[in-house]
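Structural overview
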Amino acid sequence: MVELRARWDGLVPGPGELADALITRYVERNRRAYRDHYLETVLTALESLIQLSTDPSSVRLAAWFHRATHEPGGTPVEDAEASALLAEELLPQYGIEPIRVAEVARLVRLTGELAAPATDTYAPPRRDANGDVLLDAVNAILSADPVRYAVHVAEVRRDAGDRRSALEQRYDAVRELLDGHLYRTQLARQRLGPVARVNLETELASLDSELPAPWRGWQQAALTATATFCAIGSTVVAIAAAGASWEIPTTQGEASWPPVALAVLAFFSAPVLFRCARSSSQRACLIAGAVVAAAVTGLLIAWARAPRTNPALGVGLRVPLLFAALLLLLLAGAAALAASLLRTRTARFLPSRNLGQQLAWLAVPGVVALALLLIVQPLARNYVLSSNERVDRSPRPAGKATPSVLNGTVAWVSKATFGAGAEEAISTQYGIAIPRPNGVVDMLDAATGDLRWRYTRSDSDDRPTIVATGDGAYVLAQFPDVGYLLLDADTGQRKAAWSGRTRDHLIQQAQPLLTGEPATHGSDKLHGLDPNGHERWTFEPGDCSDLGAVASTDTVVAFLGNCGDEPDAMTGLDLKSGKKLWTKAATDTYRRPVVAGGLVVVAEPGGDSDVPAALTAIEPRTGAIKWRWPVPQTWACRTLLNAAGRYLVVVDCPGPSTIENRHTVVTAIDTATGKTAWQVTARVDPRSKVAVTADGRVVSLSRDTETCWANVIERTGFRQVRLPLGITCSRDAYAVGNQVLVTGDNAVIALR
């Protein structure tokens, strides 16, 4: 009180009644903020800056009056207006000139705008020296010693009333102050600015911990984390690109340094972009912008130099991986630039280590990793798959196959297929599919042999392995180093590419579709799949390392062997769900299972011989044995089992398996009863590979010195048919349904 009274002396002529009245206002009992110690701090700071003003007396009077009127919870604007009116009322009573009264009132009203800080480019066309000095003196409380500042802050919060509202208002006010210059005059900036900024940042950190806003600042943290981890992800993808080829086949002069250079750039960009995202400097923006420009330039160059595919040239995996690495680097630079600009425009200080920012730093690397695994990798593979495939097709609709009656004439000769035989042909709803070298699948019209479509892959030089699935609606083709591709049997268009988890499975049965997965440790696995590679179920039977299976229309029968201390067994599984239906021990390892007439027929081992002791038919849904057909002990060759409608066709030789043996015995077993329906023995070399038609005919090829013959064993007996010239007898016949295919000179031939 005494010190304040001493500061007034000489400010206004006459006795100090006005000073006493003003001091009384600052120390009255109902005032909770902006009390006498606050006024003393303002006046002390004012004396160190007063030499910068043009009217010191008016500035001093304004400092005394600027909070003379204050209501609890009042805003600075309200206080400034009420205090200015008080000055205009009292000062004329003490002989103050009207022009000075007006200046004092103007200056007091300026203090109501303290919450709006000056901008970075604060340079008004006309300097207000008096206003700048007064406002800097009023803001001097921000640079008080920590104890005095803490007391002032506590009084301001208490004066605001509701605690949460007070905290939020104070938080916003402090953020606004920190986002600009705290002081108008250069002298105040130098003397008071550093201490004031430390006090405000300390208060802001304290407010951040008190306010129930744990997510504050997560955007800034997310952008910084995105910049950092996208650059790291770019490094990983670029390293992967360095190990892949740019085009297929790979050329010896192919440059390998671009992905290495990109990996180095991305690696060193990660810490640099981290710092740029946390800085609001112009240099940070320029560096982040340079990274963006480098990534865009790289994308344009890669796009211009990407290989143009044709049947002999394909795109390598390096192309999409390099694009992905450049896009990640572009995203990293853009995130760093956005974070830097965001700090410049909205906040120079963000409290650290709150829940939102911590979660952002945890979530972003997870999102980047998932993006690499679930987006980048699949997109890169799909890009290679799409770029390297070509489908040439004819608009001709599919014709219906004419069954071969084997009368020695030719039904058709393929006109657009070259250099392959018919042994690997498969029957579909829309024709006959044949795999070719150099990654080609041809679909022939079953009625004419004309080419309906040709699917070609530029990234494969080998012959694919194909099977028909989906009731003949699809061709499932396995290309080496590519995996399984599902082709529409009608159009040749790729419908699906099996995912990485299933692309290396082994086809156990194509219709219904079952795959096996041999395990290096533990048990083999059996998978029930849809044609597009979607896995419905997985069966893993303990420690069995020998797992085979066949399926009927609704049931899978799995054969378990090499199960450690456990005996061999059979298990029935539901085809749709994989649910176990039954399990029974096997007396011995069953071999060569085949599905015929809805039953699973297996061969009971006959010791060391390839001839089984008996054929056993198992009802797949229950595991019950329906019948058992003993194999004659005189049979000596490897017994072949084939399903032909309701019959099981068994092919063997009726005597010792020697070179001199020139006979083959064919037996048709009725699967409904387990009885022999017919049996024919013919003078046909038992070592010849046979084709079995859907109606039970057994066909093989043989040659004498001049002629190629078709040996036909059927229900009515045995007959030989002379085949026309041009058929290659050294290649085996193949049955597609009831149509018999043979190989000619660079052609596939269907026999009439």
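For clarity, every value in this text was computed on a predicted model and none was experimentally measured.

**Considering the overall build of the protein**
When its secondary structure is counted, the protein shows 15 helices and 35 strands. Computed over C-alpha atoms, the radius of gyration of the protein comes to 45 Å, more than 25% over the 27 Å expected from 2.2 N^0.38 for 752 residues, which places it beyond the range of a compact globule. Along the three orthogonal principal directions, the C-alpha set of the protein runs to about 145 × 55 × 40 Å. Within the protein, the fraction of its 752 residues that count as buried is 49%. If you take every contact in the protein between residues at least 6 apart in sequence, the share linking residues at least 24 apart comes to 58%. For the protein, the exposed surface amounts to about 35100 Å²; the carbon and sulfur share of it is 55%. Averaging the locations of the 76 positively and 78 negatively charged side chains of the protein gives two centres separated by 4 Å.

**As for unusual backbone geometry**
The omega torsion across Q511 and P512 is -5°, close enough to zero to call that bond cis. Along the polypeptide, P512 turns up in the loop between β13 (506–509) and β14 (514–517). The backbone of D481 shows a phi angle near 65°, a positive value even though the residue is not glycine. Within the fold, D481 resides in the loop between β10 (474–479) and β11 (483–488).

**A short note on the side chain of T671**
Here T671 lies in the loop between β27 (664–670) and β28 (675–682). T671 gets classed as buried once you look at its relative accessible area, which sits at 5%. The contact partners of T671, leaving out residues within four places of it in the chain, are A596, G597, L599, W627, R646, Y647 and L648.

**A word on empty space enclosed by the protein**
Applying the stated rule across the entire model yields 1 cavity of 30 Å³ or more. Volume-wise, the largest cavity comes out at about 30 Å³. Lining the largest cavity are T664, V684, V690, V698, V699, S700, N711 and I713. Elements that contribute at least two residues to the lining of the largest cavity include exactly β30 (698–703) and β31 (708–714). When residues of the lining of the largest cavity are assigned to their parent elements, the largest contribution, 3 residues, is made by β30. A per-class count over the lining of the largest cavity returns 5 nonpolar, 3 polar and no charged.

**Describing helix α2 (residues 17–27)**
Within the sequence span of α2, burial applies to L18, A19, L22, I23 and Y26. End-on view of α2: buried residues confined to an arc of 130°, all on one side of the axis.

**Some words on the sheet that holds strand β33 (residues 734–736)**
Taking strand neighbours across the sheet as the criterion, the 4 strands line up as β4-β35-β34-β33 in an open arrangement whose pairing is antiparallel. The sheet is open, and its two edges are formed by β4 (410–413) and β33, each paired on a single side. For this sheet, the mean inter-axis angle between neighbouring strands, taken without regard to orientation, is 30°. Looking at chain direction, β33 and strand β34 (residues 739–744) are connected through 3 bridges and run antiparallel. Looking at the pairing, V736 lines up with Q739 of β34.

**Thoughts on the layout of surface pockets**
By volume, the largest pocket is sized at about 1500 Å³. N642, A643, V692, Y734 and A735 are, among the 39 residues lining the largest pocket, the residues nearest its centre. Breaking the lining of the largest pocket down by element, the ones donating at least two residues are β5 (426–428), β9 (465–469), β21 (591–596), β25 (640–644), β29 (691–692) and β33. By residue number, the principal contributor to the lining of the largest pocket is β25, which donates 5 residues. In terms of residue class, the lining of the largest pocket is made up of 22 nonpolar, 13 polar and 4 charged.

**Some remarks on the packing of aromatic side chains**
Any two aromatic rings considered together are summarised by their centre-to-centre distance and by the angle between their planes. Counting across every chain of the model gives 9 aromatic pairs. Measuring from centroid to centroid gives 5.9 Å for F274 and W361, while their planes differ by 65°, and the two rings are edge-to-face. Of the two residues, F274 sits in helix α12 (residues 257–277) while W361 sits in helix α15 (residues 355–387), which places them 87 residues apart along the sequence. Judged by its relative accessible area of 29%, F274 falls in the partly exposed class. Ring pairs connect the aromatic residues F229, F274 and W361, which therefore count as one cluster. Looking at R67, its charged tip hangs above the ring of Y34, at a distance of 3.8 Å from the centre.

**Quick look at the confidence of the model for the protein**
On average, residues of the protein carry a pLDDT of 86, and 93% of them reach 70 or more. Of all the helices and strands in the protein, helix α1 (residues 2–8) carries the lowest mean pLDDT, 75, while β27 carries the highest, 95. Between residues 115–125, whose pLDDT stays under 50, and residues either more than four places distant or in other chains, the model counts 17 contacts. Of the regions scoring below 50 in pLDDT, residues 344–349 engages in 16 contacts with residues more than four places distant in sequence or in other chains.

Rules used throughout
- Residues numbered from 1 in each chain as written.
- Predicted model: local features only at pLDDT ≥ 70, side-chain atom pairs only at ≥ 80, totals over all residues.
- Heavy atoms only, no water.
- Helix = DSSP H or I, 4+ residues; strand = E, 2+ residues; numbered from the N terminus.
- Rg over C-alpha atoms; globule rule 2.2 N^0.38 Å.
- Buried < 20%, exposed > 50% of the residue type's maximum accessible area, 1.4 Å probe, protein only.
- Contact = heavy atoms within 4.5 Å.
- Areas by Shrake-Rupley, 256 points an atom, 1.4 Å probe, with all protein chains shown as cover.
- Lys, Arg positive; Asp, Glu negative; His and termini not counted.
- Charge placed at Lys NZ, Arg CZ, Asp CG, Glu CD.
- 1 Å grid on protein atoms, 1.4 Å probe; cavity = no way out; pocket = protein on both sides within 12 Å on 5 of 7 lines; lining within 4 Å.
- Points joined across faces, edges and corners; volume = space filled by probe spheres on them.
- Nonpolar A, V, L, I, M, F, W, Y, C, P; charged D, E, K, R; others polar.
- Arc of directions from axis to C-beta.
- Pairing = 2+ DSSP bridges.
- Axes fitted to C-alpha atoms, helices over the stretch in contact; angles between N-to-C directions.
- Phe/Tyr/Trp six-rings, centres within 6.5 Å; stacked < 30°, edge-to-face > 60°.
- Lys NZ or Arg CZ within 6 Å of the ring centre and 35° of its normal.
- pLDDT = per-residue confidence, 0-100.

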